[in-house]
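One-letter residues, chain by chain:
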Amino acid sequence: QVQLVESGGGLVQAGGSLRLSCAASGRTFSIYTMGWFRQAPGKERDFVARITWGTGQTYYKDSLKGRFTISRDSAKNTVFLQMNSLKPEDTAIYYCAGLEVGKTFYDYWGQGTQVTVSS
């Protein structure tokens, strides 16, 4: 099993920045990709970004490119999401997730961290 714990959410004004962290523990060697997702009130969970654990290759939701940056610290088993120029529509619960080698769907999820952007 892998445990994921997010932190770093909060209330920020539009135009501000936040950095989310996701600390992984347990069988982290089984994780191939780490992703960030978000769920706004009344909406479905939506993909934000992902990073391949070994190579550091990244992929983003098109509309978030240039504002959000995903990165990792392999030594600390931690993934980050730097969010800049935040907008009220970025308000959501942000989740990190882990995808195991050979799997199609994310197996492990954190509890989520609330991000609220005020106008």
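For the structure itself, consult the block above.
Just so we're clear, the structure is a prediction, and the values are computed from it rather than from any experiment.

**Some points on the side chain of Ser30**
By the secondary structure assignment, Ser30 is in the loop between strand E3 (18-26) and strand E4 (31-39). In contact with Ser30, other than residues within four places in its own chain, are Val2, Leu99, Glu100 and Val101.

**Quick look at the pairing of strand E7 (residues 68-73)**
Pairing of E7 with strand E8 (residues 78-83) involves six bridges; the strand directions are antiparallel. Paired with Ile70 across the two strands is Leu81, which belongs to E8. In this antiparallel pair of consecutive strands, E7 and E8, the connection spans four residues, and Asn77 shows a positive phi of 50°.

**Observations regarding the state of the cysteines**
By the definition in use, this model includes one disulfide. With its sulfur 2.0 Å from that of its partner, Cys22 forms a disulfide with Cys96. Given an S-S torsion of about 50°, the disulfide between Cys22 and Cys96 has right-handed geometry. Here Cys22, found in strand E3, pairs with Cys96, found in strand E9 (residues 92-100); they are 74 residues apart in sequence, far enough to count as distant. Residue Cys22 shares its accessibility class with Cys96, and that shared class is buried.

Criteria and cut-off values
Residues numbered from 1 in each chain as written. Predicted model: local features only at pLDDT ≥ 70, side-chain atom pairs only at ≥ 80, totals over all residues. Heavy atoms only, no water. Helix = DSSP H or I, 4+ residues; strand = E, 2+ residues; numbered from the N terminus. Contact = heavy atoms within 4.5 Å. Pairing = 2+ DSSP bridges. Disulfide = S-S within 2.5 Å. Buried < 20%, exposed > 50% of the residue type's maximum accessible area, 1.4 Å probe, protein only.

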